Structures are given as structure tokens and as C-alpha cells.
Amino acid sequence: MLNHARATGVAIDRLMMHQNEQVPADVQEIADYVELARVRLQLDNAAITAAMMFMQPLMDIWHPHWKFAYTVAISLGAKYTTEGFYTIDIINHLTNEFSLAALKQGERIAVSTYDWNSMNRRTRIFRNALVNVSLETPMTPPEQDPSPPMQPDDSG
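So, here is what we can say about the structure in this document. (Residues numbered from 1 in each chain as written. Predicted model: local features only at pLDDT ≥ 70, side-chain atom pairs only at ≥ 80, totals over all residues. Heavy atoms only, no water.)

## Examining the overall build of the chain
Part 1 of the argument: Helix and strand counts for the chain come out as seven helices and zero strands.
Part 2 of the argument: Within the chain, the proportion of its 156 residues that are buried is 40%.
Part 3 of the argument: Total accessible area on the chain stands at roughly 9,200 Å², and carbon and sulfur atoms take up 52% of it. (Helix = DSSP H or I, 4+ residues; strand = E, 2+ residues; numbered from the N terminus. Buried < 20%, exposed > 50% of the residue type's maximum accessible area, 1.4 Å probe, protein only. Areas by Shrake-Rupley, 256 points an atom, 1.4 Å probe, with all protein chains shown as cover.)

## Digging into unusual backbone geometry
Part 1 of the argument: With an omega of 0°, the peptide bond between His63 and Pro64 qualifies as cis.
Part 2 of the argument: Here Pro64 lies in the loop between helix 3 (45-62) and helix 4 (66-81).

## Re the side chain of His4
Part 1 of the argument: With respect to the secondary-structure elements, His4 resides in helix 1 (residues 3-18).
Part 2 of the argument: Judged by its relative accessible area of 14%, His4 falls in the buried class.
Part 3 of the argument: For His4, the side chain forms a polar contact with the side chain of Thr49, separated by 3.4 Å.
Part 4 of the argument: Discounting chain neighbours no more than four positions away, the residues touching His4 are Asn45, Ile48, Thr49 and Leu130. (Polar contact = N/O pair within 3.5 Å; in protein donor to acceptor, adjacent residues only side chain to side chain. Contact = heavy atoms within 4.5 Å.)

## Looking at helix 1
Part 1 of the argument: Between its terminal C-alpha atoms helix 1 stretches 22 Å, which fits the 22 Å expected from 16 residues at 1.5 Å a residue.
Part 2 of the argument: Regarding helix 1, the residues found buried are His4, Ala5, Ala7, Thr8, Gly9, Val10, Ala11, Ile12, Asp13, Leu15 and Met16. (Expected span 1.5 Å × (residues − 1).)

## Side note on the pattern of salt bridges
Part 1 of the argument: Throughout the structure, instances matching the rule amount to three salt bridges.
Part 2 of the argument: Among the salt bridges present, the one from Lys79 reaches Glu107, with a minimum N-O distance of 3.0 Å. Residue Lys79 is located in helix 4, and its partner Glu107 is located in helix 6 (residues 100-113); the two are separated by 28 residues in the primary sequence.
Part 3 of the argument: Under the relative-accessibility criterion, Glu107 is labelled buried at 9%. (Salt bridge = Lys/Arg side-chain N within 4 Å of Asp/Glu carboxyl O.)

## Here's the deal with the environment of Ile88
Part 1 of the argument: Turning to its location among the elements, Ile88 is positioned in helix 5 (residues 88-93).
Part 2 of the argument: Remark: the alpha-carbon pair of Ile88 and Lys104, spanning 16 residues in sequence, is separated by 9.2 Å.

Taken by themselves, the reported measurements are silent on function.
Here it is, written out as C-alpha cells:
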């Protein structure tokens, strides 16, 4: 699992707690869904970051239904960062929990209520925020990092 998936789980949990939900979201369940979306939809970190960028205002609309909000957000994030992504890809490759009509309606609502000003700035803010959250609790402790230690260069 990528740190972005875990960071997204923590971020969504914080959004739900911010909205005074009595029961916080299951961070691991959210992170697993984010990772499943990333793998099955073949998304990169830019799409995952964009999904979280769209997710934040969607939680104001659809809390506590984080999964629907995130599914709409992942579709919008993928469309924002890649070409050739279609809403039906969600149903074909990720989940059929939501109908195509419901997802399209969700996208329409999201696009009509989203503030499209300063997208580059907003993207950088969300990328940096997710990196900060992932650094709070890294998945692999430094002493267990599988990468070999760097050796001094003897060629010079």
C-alpha cells in the first residue's frame, strides 16, 4: 500500500471527525479502498491527490457517506489528471456498489458546486498536505527500509 492511500484514509477520517461524526471512519477501510482504486484504475499519485482535493468539499455534501463521495472524487480526480478516463470505468474496474446514473449525478453536483479558481495552487496545497500526513506515521520504519544504504562513489 502506498503512503498516499494511508494518508487519504487519515485525511477522510479527520474530515468526518471535523463534521462531528459520532463514530470516526475506519482509516484502514478507507485506505484499502483508496489503494484498490489506485491499482484497479491504474492511477498515479497525481490522480490520488486530485481525488482528495475534490473529496474535501464533497464531504460537506455527502457526509457520512465517505465511500460515495470518494468514488465521485476519484472519478473527477482521474478525469482532471489523465485522458481517456470514463465514469463507467468505476463500475467496470472498481465497484458496482453505485449505479452509473448515481455517479454521473454525483459528478454533476460536484462540478456545479466546486470552486474552480486557483486549481494549480489548490493542487500543490493538497499534495503537500497528503505528504505531511503520510510523514506523520510512515508505513516502513527507517530501520526496516528495504532499500540498500548508499555507498560512496569510488569512480572519481
